Amino acid sequence: MAEIIDGKAFAAGLRERVGRQVATLGEKHGITPGLAVVLVGENPASEVYVRNKGKQTREAGMESFEYKRDESISEQELLDLVDELNRDERVNGILVQLPLPDHINDEKVLAAIDPDKDVDGFHTVNVGRLWTGLPGLVPCTPLGCSLLLKDKLGDLSGKHAVIVGRSNIVGKPMAALLLRENCTVEIAHSRTHDLQGEVKRADIVVAAVGRREMIQGDWLKEGATVIDVGINRIPTDEGKTRLVGDVHFESAEKVAGAITPVPGGVGPMTIACLLNNTVEATCLQRGVEVPAG
Ligand code: GUN
């Protein structure tokens, strides 16, 4: 049976480290990092995320600024808010919660964020920095996955990693991060011929397709490390819902060497990495070294 990778515990440790870094920044430099989160409209899932982000930001000793705007906000008004946050010295990190309403162009808004405050790592400047190996801000979810993998496996050099999914938020940055760790990286997706055969060759599988329980145990190589980024809500017999990943956990845990559960695997790592990125962004802006923590 596979070892279960406890993302919840790892994320708690990471948040504690961020808390110590924040304390050091305060004591040595008189700096308190600040994170601004912008939420447009009333998406219940986004509201839960934003509430958790605010709570965990404050728990780590940072300032949290929340900007809730009505669904009817114009694109220009949102761009003006981003511009105001870019110029606000108390704000070191800016996150505009996605998805945005249809009348607003996501790319235009993301492009307006100061790349040095872009704690999501979605700005094309940060994408370019990541792919060319320059220091920059890295998207939180793939960063969390790579931290879990390095913690579990140590050196990733030469390992064959198959990423299933090619989104800008997870699949593509995940590929860049694993390449940086000297993996042999493959991005598979919905048009891949013989997806099952590709996954079978993988030492590391990162599942980020958004299709519930698609990857089955018999797709995996014996002993593979499986990171499940999927969050799919399915109805139960009792009329409630439960979360499942993109990997069929019950069959996969019989074959994998280690696997992340859903929930409690990758999920908690995302906000922990956001807090980590806010500290990094603060240090970058203020020209101080990132404290060891
Ligand atoms: N919506 C869902 N996940 C994310 C994320 O990581 N960042 C932002 N900005 N919006 C999201």
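Everything here concerns the structure above.
Note that residues are indexed from 1 along each chain, following the sequence as it is written. For a predicted model such as this one, the threshold for reporting local features is a pLDDT of at least 70, and the threshold for listing and counting side-chain atom pairs is 80 or more; totals across whole chains, interfaces and linings nevertheless cover every residue. The side-chain values count all of the structure's non-hydrogen atoms but skip hydrogen atoms and water molecules.

Asks: So what exactly am I meant to see when it comes to the overall build of the chain here?
Replies: Across its full length, the chain holds 10 helices and 11 strands. Throughout, radius of gyration means the C-alpha value; the globule benchmark is 2.2 Å times the number of residues raised to the power 0.38. For 293 residues, the compact-globule estimate of 2.2 N^0.38 gives 19 Å, and the chain sits close to it at 19 Å. Viewed in the frame of its principal axes, the chain has a C-alpha envelope of about 50 × 40 × 35 Å. Each residue's exposure class comes from its accessible area (1.4 Å probe, protein chains only) as a fraction of the maximum for that residue type: buried when under 20%, exposed when over 50%, partly exposed otherwise. Looking at the chain as a whole, 51% of its 293 residues are labelled buried. Throughout, a residue-residue contact means that at least one pair of heavy atoms, one from each residue, lies within 4.5 Å. Look at the contacts in the chain between residues 6 or more apart in sequence, and 68% of them connect residues 24 or more apart. For every accessible area listed, the method is Shrake-Rupley and the probe measures 1.4 Å; residues are considered covered only by the protein chains on display. In the structure as shown, the chain presents an accessible area of about 13900 Å², 48% of it carried by carbon and sulfur atoms. Distance between charge centres in the chain, computed from 33 positive and 43 negative side chains, equals 2 Å. In this description a helix means any DSSP run of H or I spanning at least four residues, a strand means any run of E spanning at least two, and both kinds are numbered starting from the N terminus. Charge convention: Lys and Arg are scored as positive, Asp and Glu as negative, and His as well as the terminal groups of each chain are ignored. Charged side chains are reduced to one point each, which is NZ for Lys, CZ for Arg, CG for Asp and CD for Glu.

Asks: I would appreciate a short explanation of the sheet that holds strand S1 (residues 3-4) in the present structure.
Replies: Paired through their backbone hydrogen bonds, the strands of a sheet run either parallel or antiparallel. At least two bridges found by DSSP between two strands is the condition for calling them paired. Spatial ordering of the open sheet is given by S1-S11-S8-S7-S5-S6, a layout of 6 strands whose pairing is parallel. Pairing within the sheet leaves two strands with one partner each, and these edge strands are S1 and strand S6 (184-188). By the bridge criterion, 4 bridges tie strand S5 (residues 160-164) to strand S7 (residues 204-207) in an arrangement that is parallel. Note that in S7 the partner of Val162 across the bridge is Val205. Here the axes come from fitting lines to C-alpha atoms, over the contacting stretch only for helices, and the angles between their N-to-C directions go from 0 to 180 degrees. Along the sheet, helix H6 (residues 140-153) makes contact with S1, S7, strand S8 (225-228) and strand S11 (258-259), crossing S8 at roughly 155 degrees.

Asks: Whenever I open this one, the site of the ligand confuses me. Can you help?
Replies: If even one non-hydrogen atom of a residue comes within 4 Å of a molecule or strand, that residue is called near it. Taken together, Leu95, Val96, Gln97, Leu98, Asp120 and Phe122 are the residues near the ligand. Here a polar contact is recorded for every N or O atom pair within 3.5 Å, except that within protein the pair must consist of a potential hydrogen donor and a potential acceptor, and residues adjacent in sequence are included only if both atoms are side-chain atoms. Measuring from a nitrogen atom of the ligand, one finds a side-chain N or O atom of Gln97 at 3.1 Å. In this structure, a nitrogen atom belonging to the ligand sits 2.9 Å away from a main-chain N or O atom of Leu98. In the complex, the protein chains occlude 78% of the 280 Å² of accessible area that the ligand would expose alone. Points on a 1 Å grid over protein atoms alone make up a cavity when a 1.4 Å probe fits among them but cannot get out, and a pocket when they form an open set with protein on both sides within 12 Å along at least five of seven lines; lining residues each have an atom within 4 Å of a point. Molecule-in-pocket calls rest on the fraction of atoms, with more than half required to lie within 2 Å of the cavity or pocket grid points. Given that more than half its atoms are within 2 Å of the pocket grid, the ligand belongs to the largest pocket. Of the residues in the shell around the ligand, the class split is 4 nonpolar, 1 polar and 1 charged. Just so you know the grouping, Ala, Val, Leu, Ile, Met, Phe, Trp, Tyr, Cys and Pro go in nonpolar, Asp, Glu, Lys and Arg go in charged, and all remaining residues, Gly too, go in polar.

Asks: Before we go on, may I ask you to explain the packing of H6 against helix H10 (residues 267-286) in this structure?
Replies: The relative placement of two packed helices is expressed as an angle between their axes plus a distance between the axes. It is at 8 Å that the axes of H6 and H10 come closest, and there the two elements cross at 105 degrees. Between H6 and H10, the interaxial angle falls into the category roughly perpendicular. Here H6 contributes Cys140, Thr141, Leu143, Gly144, Leu147 and Leu148 to the contact with H10, which in turn contributes Met269, Thr270, Cys273, Leu274, Asn276 and Asn277. Comment on the angle field: the value is read as roughly parallel under 35 degrees, roughly antiparallel over 145, roughly perpendicular from 65 to 115, and oblique elsewhere.

Asks: Looking at this structure, how should I read the environment of Met269?
Replies: By the element assignment, Met269 lies in helix H10. Each C-alpha atom, one on Met269 and one on Met1, is 24 Å from the other, the two residues being 268 residues apart in sequence. Those residues within four positions of Met269 in sequence are excluded, and the remaining contacts are Gly7, Phe10, Ala11, Leu14, Gly144, Leu147 and Leu148.

Asks: How should the pattern of salt bridges be read in this particular structure?
Replies: A side chain with one charge can pair with a side chain of the opposite charge if their charged atoms come near. Within this document, salt bridges are pairs made up of a side-chain nitrogen of Lys or Arg and a carboxyl oxygen of Asp or Glu, the two lying within 4 Å of each other. Scanning all chains against the criterion turns up 9 salt bridges. One salt bridge connects Glu198 with Arg201, and the closest N-O pair in it is separated by 2.8 Å. Overall, Arg201 belongs to the partly exposed group, its relative accessible area being 44%. Where Asp203 meets Lys221, a salt bridge forms, and the shortest distance between an N and an O atom there is 2.7 Å. On the criterion of sequence distance, the pair formed by Asp203 in the loop between helix H8 (195-200) and S7 and Lys221 in the loop between S7 and S8 is long-range, its members being 18 residues apart. Exposure remark for Asp203: the relative accessible area of 25% places this residue in the partly exposed category.

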